[in-house]
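One-letter residues, chain by chain:
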Amino acid sequence: QVQLVESGGGLVQAGGSLRLSCAASGRTFSSYAMGWFRQAPGKEREFVAAITWSSSSTFYADLVKGRFTISRDNAKNTVSLQMNSLKPEDTAIYYCAASLGGRSYYTLSSYDYWGQGTQVTVSS
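Quick caveat: nothing in here was measured; it's all calculated off a predicted structure.

**Quick notes on the side chain of R67**
- Locating R67 in the fold gives a position in the loop between β6 (58-60) and β7 (68-73).
- For R67, a relative accessible area of 11% puts it in the buried group.
- Side-chain polar atoms of R67 contact the backbone oxygen of S85, separated by 2.9 Å.
- Among all residues touching R67, those that are not within four sequence positions of it are Q82, M83, N84, S85, L86, K87 and D90.

Structure representation (structure tokens):
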């Protein structure tokens, strides 16, 4: 069992940066691949980024590639999402998720545990 708690959301102007963090409880955090998803009002939840348990590989949605960076610290049971050059279309609730792996990193159904989300609002 893993509990996930996101933090770091807020209001930022276009072109600015935010760093989201996700704190995980449980001693098996290092066994999970971790992902970030987002959901804008009236839209479906979509993949943003993912990282393997060892940090050996990272994956990004085309819309955020080159602007967002995912990282993790297994010693601290945390995963982070550094978001730079933010755009108004990045406005959404951002969710952290954990996956036991063996499935696509890009799909919601691959993830076993979810956080409650943190709001990111980018003003123009």
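Right, picking up where we left off after that structure.
**Some points on the environment of S110**
- Tracing the backbone through its elements, the reader meets S110 in the loop between β9 (92-99) and β10 (113-114).
- For the pair S110 and S71, spaced 39 residues apart in sequence, the C-alpha to C-alpha distance is 19 Å.
- With residues up to four places along the chain from it excluded, the contact list for S110 reads S99, R103 and S104.

Conventions used here
Residues numbered from 1 in each chain as written. Predicted model: local features only at pLDDT ≥ 70, side-chain atom pairs only at ≥ 80, totals over all residues. Heavy atoms only, no water. Helix = DSSP H or I, 4+ residues; strand = E, 2+ residues; numbered from the N terminus. Buried < 20%, exposed > 50% of the residue type's maximum accessible area, 1.4 Å probe, protein only. Polar contact = N/O pair within 3.5 Å; in protein donor to acceptor, adjacent residues only side chain to side chain. Contact = heavy atoms within 4.5 Å.

Everything listed is a geometric property; what it means functionally is a separate question.
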